[in-house]
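Working through the structure, step by step
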Amino acid sequence: MPSNSHGANPPIDIDEDTPANASLNSTIGDVIAERLSRRDLIRSALAVSVMTSTIAPLAIAAAARPARAEDGVKPSFVFAEVEAGSDTTHHVADGYHADILIRWGDPVLAGAPEFNPAQPSATAQEKQFGYNNDFIGFIPLDGRADHGLLVVNHEYTNDDLMYFGLLGWTRKGKLDSMSDEQIRSSMAAHGGTVIEVKRIGERWHVVDTSNYARRITAQTPMQITGPAAGHPLMQTIGDPSGTRVLGMLNNCAGGVTPWGTWLTCEENFNFYFANKEALKKHKLSTQLRRYGVGEGFYPWSRVDTRFDIGQEPNECNRFGWVVEIDPLDPNSTPKKRTALGRFKHEGAGNIVNTDGRFVIYQGDDQRFDYVYKFVTEGKVDPANRAANMDILDTGTLYVARFDANGRGEWLPLVTSDPKLSSFTDQGDILIHSRLAADALGATKMDRPEDVEVNPKTGKVYVILTNNDKRSAKEADAANPRPENRFGHIIEILPDQGDHATTGFAWEILVKCGDPSIAEVGATFNAATSRNGWFGMPDNCAVDADGRLWVATDGNNFEVTGRTDGLFALETEGARRGTSRLFFRCPTGAEMCGPYFTPDLETLFVAVQHPGESEDPAKPASTENPTTRWPDFKDGQPPRPSVVAITKIGGGKIGV
Ligand code: FEO
Ligand code: CA
Ligand code: CA
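Here is a short report on the structure shown in this document. Everything numeric here is computed off the predicted structure, so don't read it as measured data. (Residues numbered from 1 in each chain as written. Chains lettered and ligands numbered in written order. Predicted model: local features only at pLDDT ≥ 70, side-chain atom pairs only at ≥ 80, totals over all residues. Heavy atoms only, no water.)

Description of the pairing of strand S10 (residues 251-256)
S10 sits mainly inside the fold: six of its six residues count as buried. Pairing analysis gives four bridges linking S10 to strand S11 (residues 262-266), with the strands arranged antiparallel. Its bridge partner lying in S11, Val256 is registered against Trp262. (Buried < 20%, exposed > 50% of the residue type's maximum accessible area, 1.4 Å probe, protein only. Helix = DSSP H or I, 4+ residues; strand = E, 2+ residues; numbered from the N terminus. Pairing = 2+ DSSP bridges.)

In structure tokens, the structure reads:
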């Protein structure tokens, strides 16, 4: 179900900062809903065969597809497209291996016990692979593409699919019934993992007892750096210095820097902080509400008082940052880089600018929130790794304004701007980046997720997942669809190819959704097959050949007749806007973390929360998941896993 397979998974129900105005946009929504439900009738007749064979569920709807627009033009991607649909396992294009590399609960550190879901244990989980793998980065060792470190985010936990015997009818009720040990175990399943991996022949393996192996959890000591470090709003009873914090939360997407560090981005940190009564009396309650803090979806405050905003009113300010981790040094202290701003960070797509400065593009994943970029003051030194290690502490954070004429402007979040005179200092601006961006008149977007640069063309892709709360009145040039259920992708072209400059041109690359339903308004190239279109784009990757791959979050059989997957999207020439399905998730799962090795011979993907229900009225549980992927063992929960994809016989992916 869309509300359940959102990147912000359980919490979407409490997105309280986005007032709905259904009356203004009910027309298009009603039409689409009617068309979708009519299609359900068609599908129900096909459902049995779809679940057991490769018959496409939308074959009838797609029959009237217009003629191909790009016949005769060489495609950038060559592979046999996967049939769209839904079943309990994953599917990759013919001719490829798609091997499970590591699963939730697999040993990571020396001495880690084997996975035992019957006995959840925080001390075991601290040494095992965490839950809900999201961003994946590959850092080559000795310059090799077949041997390196894999860094993996563990965004959040689906406790109701992890533990047996939870009580309650709602997901929140089930979470509230967790034991203290289960809560501590889930805290240990958050964060990230570093593993050493090696390709032998065509298959990848995790190197046992590697010296690089590392688990980061919600309790790992971290340093706070940059302009907001030590700020009065960062000081707590536990850390009067305002410079030390335990753990990172809800790390969604990320990035890898050219100097081999891992940028891992805290997204929906608000859901861990509780105490509605304290929120009402909090001296910064307006600011906290702008970040959705106080609802406390996860019952963590029961075992750790820093998640109670009545007891530690500033602890929540220490989350919502980009964390930089050096995976080559397992003893290094992760650093929260406050210069990059505080919001619900999606990813950290980056590029070294022509003048040597480092530029990081960032989305704030909430309906009506913003697109940002950060530009360092210093330059990257390619010959001196150590010189780059703190380069992210000094620079300028900008937020995007998209104008109706196809132009745009990056607006700096700095104290010298009179519109920001109510902020006490730069630390205050960064801690409250969302409010500063509000004051600057940034453009409210349809859930900005990954923002990635194409190093071959300099174009920047902004992935916008959806926004069903946008009214017709609120539609603008960059977010043109009221009740935007299926999302779109914007392409930014920086002026003179300079990623540090403030001016840019932009256009919409594709409006997503089913092209066979005219009311949806999708704009895929007409050559896109019934399998190739997608809705709800989320993460993306640009490979070494400059090709764009898009991962989705929110498609499911009930709404779109398909699970989430990975799509190859043409961006240039006559084929621009043509999309093809390369990998399909098992039921209930979301597609995350596409990442290629530099030789393009391996693609790593992350399958997140397999086994969720697609029917909001019937939530899944550990006892009754929609799949037990990837082990398919009775009595064992489904397990989020990283999948390694290689070509049978070797060679580049999709070539
Ligand atoms: Fe965690 Fe915005 O997806
Ligand atoms: Ca996601
Ligand atoms: Ca995401």
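What to know about the sheet that holds strand S17 (residues 371-379)
Taken in spatial order, the nine strands make up an open sheet running S14-S15-S17-S18-S19-S24-S23-S22-S21, and their pairing is antiparallel. Each having just a single partner strand, strand S14 (349-352) and strand S21 (448-453) make up the two edges of the open sheet. Each strand of the sheet is rotated relative to its neighbour by a mean of 30 degrees, with strand direction disregarded. Sheet topology note: the strand S15 (residues 357-363)/S17 ladder contains six bridges and is antiparallel. Residue pairing across strands places Val359 opposite Val375, the latter belonging to S17. (Axes fitted to C-alpha atoms, helices over the stretch in contact; angles between N-to-C directions.)

Thoughts on the coordination of the calcium ion (ligand 2)
Only Asp538 (OD) and Glu590 (OE) from the protein coordinate the calcium ion (ligand 2), and they sit 2.0 to 2.3 Å from it. A separation of 2.7 Å is found between the calcium ion (ligand 2) and the calcium ion (ligand 3), which share Asp538 as a coordinating residue. Linking Asp538 in strand S25 (residues 537-542) with Glu590 in strand S29 (residues 590-596), this pair joins segments that are 52 residues apart in sequence. Taking relative accessible area as the criterion, Asp538 reaches 1% and is therefore assigned buried. (Donors = N, O, S within 2.8 Å, 3.2 Å for Na, K, Ca; no water.)

A short note on the coordination of the calcium ion (ligand 3)
Around the calcium ion (ligand 3), the protein contributes the donor atoms Cys252 (SG), Glu346 (OE), Glu449 (OE), Asp538 (OD), Asp538 (OD) and Asn539 (ND2), at 2.0 to 3.1 Å from the metal centre. Donor residues for the calcium ion (ligand 3) sit on one chain with the sequence pattern C-x93-E-x102-E-x88-D-N. Classification of Glu449 by relative accessible area gives buried; the value is 1%.

Remarks on the pairing of S17
Residues in a regular strand point their side chains to alternate faces of the sheet. Pairing between S17 and strand S18 (residues 395-402): five bridges, direction antiparallel. Paired with Lys373 across the bridge in S18 is Tyr398.

A closer look at the side chain of Glu324
Note that Glu324 resides in strand S12 (residues 322-325). Taking the relative accessible area as the measure of exposure, Glu324 reaches 5% and is therefore buried. A polar contact of 2.9 Å, which involves the side chain of Glu324, links it to the side chain of Trp259. Among the polar contacts listed, one links the side chain of Glu324 to the side chain of Arg337, at a separation of 2.9 Å. When residues no more than four places from it in sequence are discounted, the contact partners of Glu324 are Thr257, Trp259, Thr261, Trp262, Leu263, Pro334, Lys335, Arg337, Met389 and Leu392. (Polar contact = N/O pair within 3.5 Å; in protein donor to acceptor, adjacent residues only side chain to side chain. Contact = heavy atoms within 4.5 Å.)

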